[in-house]
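Tertiary structure, described
This is what each chain is made of:
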Amino acid sequence: MTITQKNHLRCVLVFGVLAALFVLSAIAYIGIGSVKIAPAEIFRVLFGQGGADATAYSIIWRIRLPRLLLAALLGGALSLSGFLLQTFFRNPIAGPFVLGISSGAKMFLTVVIIVLSQNMAAIPVGITVVAAFIGSMLSMLVVLAFAGKIKNMAVLLVIGIMISYICSAITDFFINFANDSDIVNLTHWSHGSFSAAAWQDVAVSAAIVLPTAVAVFCLSKPISVYALGERYAHSLGIRIKPLRIVIILFSSILSACVTAFAGPISFVGIAVPHIARTLLKTSKPILLIPACSFGGAVFCMLCDLVARTVFAPVELSISTVTAAIGAPIVIWLMISRRVKHAEG
């Protein structure tokens, strides 16, 4: 078997496993909870077969299915955002949470919610998405300003972490001036959760995430060339500045959407792209982009399943679970990179 055939077989196996995990995770996600629903009953409800239980129908369509779809959409978005940032900074531990993008979105969105809640009974979904996007872009612009002067990526990551802490401090400051009901909601949201998922959230998220993911996939070739170096990309006729802007714009849109609907979620944007690279043994964006999207969806679905069931009726924040799983992966990544660098 040639190397090309082996690589092709590996890709088929990886995507086959991801598809199988997605289906199995979805069945487990819908079936497991305070009310257990058998797989046969799940299929009866989802495919409109007769004899479906009314309670199971209500639980699936009103609670678990929208939450499942939201976790899948936002998990894929967060992973894809991490992949874009890692490509942009050429660093495998860059991500929206580490670089302060998620914290910037959280900060600006918190301020907007506190200000508008004084005069509005309900804040439109569009406003929350725009506010999160503006906050993420502001944080990203600060990081890019430092990136133009600091070439050491390790120092740049530290600056991103400091920006994250500054944004979190500002967020906590403004929360002190919020109403009691807003404080409870903001505190719960700031730890990350899919518990408030509704079909409206799924629809808006899909309208943002899916076209953005398709657009990113269409840029696979220029991103692949860009990853080999800016000089090389420029020699092949790639317009570097517009491509850099598009990468940052798409990454900010994806991470802002996640923050707006589920709060800041840690480590998904770092861990999943690395897992995808390890499994596929390639850095080709045309393969990594769909792998990151499906992998992030499965990762968040499983983490949210753990968050809501392991200590039921107490529900953990999604960031607690993603950090517990993702942080060891990041540590392993940093150690393995140091070992390879020392050996080289």
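Each remark here, short or long, concerns the structure printed above.
In short, a report on the structure. Every residue gets a number counted from 1 within its own chain, in the order that chain's sequence is written. Two thresholds apply to this predicted model, a pLDDT of at least 70 for residue-level local features and 80 or more for giving and counting side-chain atom pairs, whereas whole-chain, interface and lining totals are computed over all residues. Only hydrogens and water are set aside; all other atoms, that is, all heavy atoms of the structure, feed into the side-chain values.

**As for the overall build of the chain**
Each helix and strand in the chain was counted, giving 14 helices and zero strands. Secondary structure is summarised from DSSP: a helix means a run of H or I of at least four residues, a strand means a run of E of at least two, and numbering begins at the N terminus for each. Reading the chain from its N terminus to its C terminus gives the helix and strand order α-α-α-α-α-α-α-α-α-α-α-α-α-α. A radius of gyration in this sense is built from C-alpha atoms; the matching globule rule multiplies 2.2 Å by the number of residues raised to 0.38. Its C-alpha atoms give the chain a radius of gyration of 21 Å, within 12% of the compact-globule value 20 Å for 344 residues. If one aligns the C-alpha atoms of the chain with their principal axes, the spans along those axes are about 60 × 60 × 35 Å. For the chain, with 344 residues in total, the buried portion stands at 49%. Pairs of residues are marked as contacts when any of their non-hydrogen atoms sit within 4.5 Å. A separation threshold of at least 6 residues defines the contact pool for the chain, and within that pool the share at least 24 residues apart is 76%. Accessibility here uses a 1.4 Å probe with only protein chains present; expressed as a share of the type maximum, an area under 20% marks a residue as buried, one over 50% as exposed, and anything in between as partly exposed.

**Remarks on the pattern of salt bridges**
Only one rule defines a salt bridge in this text: a Lys or Arg side-chain nitrogen within 4 Å of an Asp or Glu carboxyl oxygen. A full pass over the atoms with the stated rule returns three salt bridges. Between R44 and E41 there is a salt bridge; the shortest N-O distance is 2.5 Å. Placement of the pair is R44 and E41 together in helix α2 (residues 39-46), with a separation of three residues, close to one helical turn. Put simply, E315 and R67 hold a salt bridge, and the shortest N to O gap is 2.7 Å. Of this pair, E315 sits in the loop between α13 (285-309) and α14 (318-343) while R67 sits in helix α3 (residues 54-89), and the two are 248 residues apart along the sequence. On the basis of relative accessibility, which here comes to 33%, the residue E315 falls in the partly exposed class.

**Quick notes on a nonpolar patch on the surface**
Residues forming no salt bridge and having over 30% relative accessible area are the ones grouped into patches, like charges within 9 Å of each other and nonpolar side chains (Val, Leu, Ile, Met, Phe, Trp, Tyr) within 5 Å. Only the protein chains shown count as cover for residues, and the accessible areas themselves come from Shrake-Rupley with a 1.4 Å probe. Taken together, the side chains of I166, I170, F173, F174 and F177 define a hydrophobic patch exposed on the protein surface, amounting to about 480 Å² of accessible area. When you line up the elements, I166 lands in helix α6 (residues 153-175). Note on I166: relative accessible area 51%, which makes it exposed.

**So, the environment of P66**
With respect to the helices, strands and loops of the structure, P66 is situated in helix α3. A C-alpha to C-alpha distance of 34 Å links P66 and W332, two positions 266 residues apart in sequence. Setting aside residues up to four positions removed in sequence, P66 forms contacts with I60, W61, A197, A198, W199 and V202.

**Re the packing of α3 against helix α5 (residues 125-147)**
Geometry of a packed helix pair, given as the angle between the helix axes and the separation of the axes. To get an axis, a line is fitted to the C-alpha atoms, and for a helix only the part in contact is used. The angle between two axes follows their N-to-C directions and goes from 0 to 180 degrees. Two elements in contact, α3 and α5, have axes separated by 13 Å at closest approach and are oriented at 20°. As summarised for this structure, α3 and α5 are arranged roughly parallel, according to the angle between their axes. Viewed along their axes, α3 and α5 form a crossing whose handedness is right-handed. Contacts between α3 and α5 involve L85, F88 and F89 from the first element and M140, V143, L144 and A147 from the second. Each angle is binned into one of four classes, with values under 35 degrees roughly parallel, values over 145 roughly antiparallel, values of 65 to 115 roughly perpendicular, and all other values oblique. Here is the rule for handedness: rotate from the far helix to the near one, and if that takes an anticlockwise turn smaller than a right angle the crossing is left-handed, while a clockwise turn gives right-handed.

**Structural notes on unusual backbone geometry**
That bond from A312 to P313 is cis: its omega, 10°, falls within 30 degrees of zero. Tracing the chain through its elements places P313 in the loop between α13 and α14. Even without being glycine, F267 reaches a positive phi, approximately 70°. Relative to the helices and strands, F267 resides in the loop between α11 (240-262) and α12 (268-280). Using a relative accessible area of 24% as the deciding quantity, one classes F267 as partly exposed. Unlike most non-glycine residues, K281 shows phi in positive territory, near 55°.

**Some remarks on the nonpolar core**
Of all hydrophobic cores here, the largest spans 99 residues; its most connected members are L74, L84, F89, L99, F194 and I265. No other element matches α3, which puts 18 residues into this core. If near-sequence neighbours (up to four positions away) are discounted, L74 is found in contact with F194, S205, C257, V258, F261 and A262. Grouping buried Ala, Val, Leu, Ile, Met, Phe, Trp, Tyr and Cys residues that are joined through side-chain atoms within 4.5 Å yields what is termed a nonpolar core.

**Examining the packing of helix α8 (residues 199-218) against α11**
It is the contact of α8 with α11, at a shortest axis distance of 10 Å, that shows an interaxial angle of 160°. It follows that α8 is roughly antiparallel to α11 by the angle criterion. In this structure, α8 meets α11 at a crossing whose hand is left-handed. Residues D201, V204, S205, I208, V209, T212, A215 and V216 of α8 lie in contact with α11, whose contacting residues are F250, I253, L254, C257 and F261. Side-chain classes are defined by residue name, with Ala, Val, Leu, Ile, Met, Phe, Trp, Tyr, Cys and Pro counting as nonpolar, Asp, Glu, Lys and Arg as charged, and the others, Gly among them, as polar. Residue classes in the contact of α8 with α11 are distributed as ten nonpolar, two polar and one charged.

**Quick word on the packing of aromatic side chains**
Any two of the Phe, Tyr and Trp rings considered here, Trp counted by its six-membered ring, make a pair once their centres fall within 6.5 Å; the pair's planes then place it as stacked at under 30 degrees, edge-to-face at over 60, or tilted in between. On inspection of all chains with the given rule, the structure shows five aromatic pairs. Summarising the aromatic geometry, the rings of F43 and F47 are spaced 5.8 Å apart at their centres and angled 5° between planes, so their arrangement reads as stacked. Taking the relative accessible area as the measure of exposure, F43 reaches 37% and is therefore partly exposed. Residue classification places F47 among the exposed positions, given a relative accessible area of 57%. Three or more aromatic residues joined by ring pairs make a cluster, and in this case those are Y57, W61 and W199. For a ring to carry a charge above it, either NZ of a lysine or CZ of an arginine must fall within 6 Å of the ring centroid while also lying within 35 degrees of the normal to the ring plane. The cationic tip of R90 hangs over the ring face of Y226; the distance from NZ or CZ to the ring centre is 4.9 Å. When the ring centre of Y29 is taken as reference, the NZ or CZ atom of R308 above it lies at 4.4 Å.

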